[in-house]
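Spelled out, the chains give:
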Amino acid sequence: MSSYNNTARFSEARRVAIFGGTHGNEMSGVTLVNLWTKNGAEIQRKAVEAVPFITNPKAVEKCTRYVDTDLNRAFTPENLSAPGGNNLPYEVLRAQEINRIFGPKGSPEAYDVIFDLHNTTSNMGCTLILESSKDYFNLQMMNYIKKAMAPASCLVLLNEHPLLKYSTSRSVAKHPVGLEVGPQPQGVLRSNIFEAMRVILKHALDFIELFNEGVEFPPCTVEVFRVLERIDYPRDANGNIIAMVHPNLQDCDWEPLNPGDPMFQTFDGKTIHYQGSGTVYPTFINEAAYYEKQQAFITTRRETLVASAIKKA
Ligand SMILES: CC(=O)N[C@@H](CC(=O)O)C(=O)O
Ligand SMILES: [Zn+2]
């Protein structure tokens, strides 16, 4: 990226990948990618090469999140450079392979954009996940998608947290974009969720086509929800869960949670209240895949980011 007259210049985003099955039991992404692999007409755009790709075929085969370890945590520098070949966990080997095809991560040869399709069991609706508040190309894309979706809502989750950020499959690209649509149970396809994901991706590809055609996008602001904290379930001394998400919080992703609001309900009916110092916006509430990660939900803060104008270099 370079700046000239306050317009950020980015090279053409020709190489685009659409990942499905990073988690093998998240069926919208798996199904869309399989569909587009058979017939790519829907994802074809002028001056864009969009490659649909199943990232974790073994997990898709078993309809499980992963086989050995979570692929969407596996793209660390250590893993990507680990020797050991076939002795490595399946997903680490697969991460290396994906990094060879679509990366190398952090290099000029890396793919321009990777969309990674996920589903959540949480009531999050349409969510886009970003990893940087300074990527004006992605911020402009978020602004475009949000406007194109209106009056339907599409929220942006910003995971830029120094400790809570993880090494995603999409992080191989120059501009990584996560799509997270829910609620949808694991292993299940719901038509409303499937169609919502399909529409988000349509707008995203339209944006890239316009950008590649030389359209200048004027400065804009984007409302995002920045990851603050992970909240675990209350546990006993043995680590067993002793409370559930409170009914007042269940399904209330993105709604304000204030100090003193009910948060958990113990099995004997006691309410545990939120003790933070100010209003937060919880999301990924009661996500099935996060029980193993000791996470009941995450808290976020609302922020407005500013993006400069952008244009093709
Ligand atoms: C439910 C789920 O899998 N969510 C994704 C979010 C992301 O792609 O950043 C994950 O934990 O990897
Ligand atoms: Zn996922």
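As the structure is a computational prediction, the values presented were derived from the model and not from experiment.

Caption draft 1: Local environment of the site of ligand 1. Taken together, 14 residues are adjacent to ligand 1, and Asn72, Arg73, Tyr166, Arg170 and Tyr290 come closest. Burial of ligand 1 by the protein amounts to 100% of the accessible area it has alone, namely 330 Å². Residues belonging to the shell around ligand 1 are distributed by class as follows: four nonpolar, four polar and six charged. Lining the shell around ligand 1 are residues from two domains, each supplying at least three of them: domain 1 (2-224 + 306-312) and domain 2 (233-290).

Caption draft 2: Representation of the coordination of the zinc ion (ligand 2) within the structure. The coordination sphere of the zinc ion (ligand 2), as far as protein atoms go, consists of His23 (ND1), Glu26 (OE), Glu26 (OE) and His118 (ND1), spread over 2.0 to 2.4 Å. Each donor residue of the zinc ion (ligand 2) lies on the same chain, and together they follow the pattern H-x2-E-x91-H. In this structure, His23 and Glu26 share a single accessibility class: buried.

Caption draft 3: Up close: the packing of helix H1 (residues 27-38) against helix H6 (residues 191-212). One can describe the packing of H1 onto H6 by two numbers: an axis separation of 9 Å at closest approach and a directional angle of 60 degrees. Looking at the two axes, H1 sits oblique to H6. Here H1 and H6 pass one another in a crossing that is right-handed. Counting all contacts with H1, which are made through Ser28, Gly29, Thr31, Leu32, Leu35 and Trp36, the residues of H6 involved are Ile193, Phe194, Met197, Arg198 and Leu201. Here the contact of H1 with H6 is composed, by residue class, of seven nonpolar, three polar and one charged.

Caption draft 4: Seen up close, the UniProt feature "active site" (unreviewed entry) in the chain. Mapped onto this structure's residue numbering, the UniProt feature "active site" (unreviewed entry) falls at Glu180. Relative to the elements of secondary structure, Glu180 occurs in strand E8 (residues 175-182). Not counting chain neighbours up to four residues away, the residues in contact with Glu180 comprise His118, Asn119, Thr120, Met124, Gly125, Cys126, Thr127, Ile129 and Phe284. Within polar-contact distance, the side chain of Glu180 engages the backbone nitrogen of Asn119 at 3.4 Å.

Caption draft 5: Focus on the pairing of strand E9 (residues 220-231). By the bridge criterion, two bridges tie strand E7 (residues 154-158) to E9 in an arrangement that is parallel. Its bridge partner being in E9, Leu157 is matched across the sheet by Phe225. Across eleven bridges, the pairing between E9 and strand E14 (residues 297-307) is antiparallel. Along E14, the bridge assignment pairs Glu223 with Thr304.

Caption draft 6: A nonpolar patch on the surface, seen in detail. A cluster of nonpolar side chains, namely Ile242, Met244 and Phe267, defines an oily patch on the protein surface of about 280 Å² accessible area. Take Phe267: it is sitting in the loop between strand E11 (262-266) and strand E12 (271-273).

Caption draft 7: How the structure looks around the side chain of His203. Looking at the secondary structure, you find His203 in helix H6. Among all residues touching His203, those that are not within four sequence positions of it are Tyr144, Ile145, Ala148 and Met149.

Caption draft 8: View of the sheet that holds strand E10 (residues 243-245). Reading across the sheet, the three strands line up as E10-E11-E12 and stay open at both edges, with antiparallel pairing between neighbours. Each edge of the sheet is formed by a strand with only one pairing partner; in this case those strands are E10 and E12. When strand polarity is set aside, the average angle formed by the axes of neighbouring strands in this sheet is 35 degrees.

Caption draft 9: Layout of helix H4 (residues 90-102). Taking 1.5 Å per residue, 13 residues should reach 18 Å; H4 reaches 18 Å between its end C-alpha atoms and fits that length. For H4, the complete set of buried residues consists of Tyr90, Glu91, Val92, Arg94, Ala95, Gln96, Ile98, Asn99 and Phe102. Residues of H4 that are buried in the fold lie against strand E3 (15-20), strand E4 (49-54), helix H2 (57-62), helix H3 (77-80) and strand E5 (113-119).

Caption draft 10: Structural detail: the side chain of Glu26. Within the secondary structure, Glu26 is located in the loop between E3 and H1. Within polar-contact distance, the side chain of Glu26 engages the side chain of Arg65 at 3.4 Å. The contacts of Glu26, once residues within four sequence positions are left out, are Arg65, Leu117, His118 and Asn119.

Caption draft 11: Summary view of the pattern of salt bridges. One pass over the structure, following the stated rule, counts 22 salt bridges. Here Lys46 and Glu213 are joined by a salt bridge, their closest N and O atoms 3.1 Å apart. One end of the pair, Lys46, is in the loop between H1 and E4; the other, Glu213, is in the loop between H6 and E9, and 167 residues separate them in sequence. Several salt bridges share partner residues, and in doing so they unite Glu26, Arg65, Asp70, Glu292 and Lys293 into one network.

Caption draft 12: Fine view of the environment of Leu35. Among the structural elements, Leu35 can be located in helix H1. When its relative accessible area of 38% is taken as the criterion, Leu35 is described as partly exposed. Taking the C-alpha atoms as reference points, Leu35 and Ile200, separated by 165 residues in sequence, lie 16 Å from one another. What Leu35 contacts, discounting residues up to four positions off in sequence, is Phe194 and Arg198.

Caption draft 13: Here's a closer look at the nonpolar core. Residues Ile18, Phe115, Phe137, Met141 and Ile208 are the most contacted members of the largest nonpolar core, which totals 49 residues. If you tally residues by element for this core, the top one is H6, at eleven residues. Look past the residues within four positions of Phe115 in its chain and what remains in contact with it is Val16, Ala17, Ile18, Phe19, Met141, Val177, Leu179, Leu201, Ala204, Leu205 and Ile208. Judged by nonpolar contacts, the second largest core, of 14 residues, contains Ala74, Phe75, Ile98 and Tyr111.

What counts as what
- Residues numbered from 1 in each chain as written.
- Chains lettered and ligands numbered in written order.
- Predicted model: local features only at pLDDT ≥ 70, side-chain atom pairs only at ≥ 80, totals over all residues.
- Heavy atoms only, no water.
- Near = heavy atom within 4 Å.
- Areas by Shrake-Rupley, 256 points an atom, 1.4 Å probe, with all protein chains shown as cover.
- Nonpolar A, V, L, I, M, F, W, Y, C, P; charged D, E, K, R; others polar.
- Domains from an automatic or database assignment.
- Donors = N, O, S within 2.8 Å, 3.2 Å for Na, K, Ca; no water.
- Buried < 20%, exposed > 50% of the residue type's maximum accessible area, 1.4 Å probe, protein only.
- Axes fitted to C-alpha atoms, helices over the stretch in contact; angles between N-to-C directions.
- Helix = DSSP H or I, 4+ residues; strand = E, 2+ residues; numbered from the N terminus.
- Parallel < 35°, antiparallel > 145°, perpendicular 65-115°, else oblique.
- Left-handed = near helix turned anticlockwise from the far one by under 90°.
- Contact = heavy atoms within 4.5 Å.
- UniProt positions renumbered as here; feature names shortened; annotations may be inferred.
- Polar contact = N/O pair within 3.5 Å; in protein donor to acceptor, adjacent residues only side chain to side chain.
- Pairing = 2+ DSSP bridges.
- Patch = residues over 30% accessible without salt bridge, like charges linked within 9 Å, V, L, I, M, F, W, Y side chains within 5 Å.
- Salt bridge = Lys/Arg side-chain N within 4 Å of Asp/Glu carboxyl O.
- Expected span 1.5 Å × (residues − 1).
- Core = buried A, V, L, I, M, F, W, Y, C linked by side-chain atoms within 4.5 Å.

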